[in-house]
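Structural overview for review
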Amino acid sequence: LLQSSHRHADIVNSTNKYIHLDAADADNTNTNTTNDFSDNKRIHLARAAAHLALNQYDKAIADASKVLLQDSRNLSGLVTRAKARFLSGQLDEALLDDCNALQLVVNNDNAATTTAAQKQTSSQ
């Protein structure tokens, strides 16, 4: 049991080092270009997921929120933030994020259905 506890601590420490290195890169990079934002978005989403796995809910919420400030329709950002908010007891905020994520999915499904119907109609 003691060995398992030390191994868990090593994993947490390694993950925290990785999170902090990527955090410095993501937070200090100029995000004026699409590529920079895309890279930062991936870093912030990965970091939010890592914080969530480590039960660091406030940090997960902060990173997911950074993505959503730039792209309010980012499904991964909404879902990750909703989970972190739910697990930290912010139930109303979690429900709001879940509703926004569900609305995105419904809108995407409707758009896909409309596009498929238009293609089928034009091919006939």
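A brief report on the enclosed structure follows. Keep in mind that what you see is a predicted model, and the values were worked out from it rather than measured.

So, on to the packing of helix H3 (residues 57–70) against helix H4 (residues 75–87). H4 packs onto H3 with a crossing angle of 155 degrees between their chain directions and a minimal axis gap of 9 Å. As the angle between them shows, H3 and H4 are arranged roughly antiparallel. In this structure, H3 crosses over H4, and the sense of that crossing is left-handed. Taken together, the residues of H4 that come into contact with H3 (itself represented by Tyr57, Ala60, Ile61, Ala64, Ser65 and Leu68) are Gly77, Leu78, Arg81, Ala84, Arg85 and Leu87.

Okay, the pattern of salt bridges next. This structure, assessed with the given rule, holds 5 salt bridges. A salt bridge links Asp39 to Arg42; the nearest nitrogen and oxygen atoms lie 2.4 Å apart. Linking Asp39 with Arg42, this pair stays in helix H2 (residues 34–53), spanning 3 residues, or about one helical turn. Among the residues examined, Asp39 registers a relative accessible area of 37% and is labelled partly exposed. Put simply, Asp63 and Arg47 hold a salt bridge, and the shortest N to O gap is 2.3 Å. With Asp63 in helix H3 and Arg47 in helix H2, this residue pair connects regions lying 16 residues apart in the sequence.

Turning our eyes to something else, we now look at H4. In a regular helix each residue adds 1.5 Å, so 13 residues correspond to 18 Å; H4 covers 18 Å between its end C-alpha atoms and thus fits that length. For H4, every residue scored as buried is listed here: Gly77, Leu78, Thr80, Arg81, Ala82, Ala84 and Arg85. The N-terminus of H4 is capped by Asn74, whose side-chain oxygen sits 3.2 Å from the backbone nitrogen of Ser76. Positive backbone phi, at 90 degrees, marks Gly89, one or two positions downstream of H4.

Turning next to the nonpolar core. Listed in full, the 5 residues of the largest apolar core are Leu52, Tyr57, Ala60, Ile61 and Ala84. Looking at this core, the element that brings in the most residues is H3, giving 3 residues. If we ignore the near neighbours within four places in the chain, the residues touching Ala60 are Ala48, His51, Leu52 and Ala84.

Rules behind the numbers
Residues numbered from 1 in each chain as written. Predicted model: local features only at pLDDT ≥ 70, side-chain atom pairs only at ≥ 80, totals over all residues. Heavy atoms only, no water. Axes fitted to C-alpha atoms, helices over the stretch in contact; angles between N-to-C directions. Helix = DSSP H or I, 4+ residues; strand = E, 2+ residues; numbered from the N terminus. Parallel < 35°, antiparallel > 145°, perpendicular 65-115°, else oblique. Left-handed = near helix turned anticlockwise from the far one by under 90°. Contact = heavy atoms within 4.5 Å. Salt bridge = Lys/Arg side-chain N within 4 Å of Asp/Glu carboxyl O. Buried < 20%, exposed > 50% of the residue type's maximum accessible area, 1.4 Å probe, protein only. Expected span 1.5 Å × (residues − 1). Polar contact = N/O pair within 3.5 Å; in protein donor to acceptor, adjacent residues only side chain to side chain. Core = buried A, V, L, I, M, F, W, Y, C linked by side-chain atoms within 4.5 Å.

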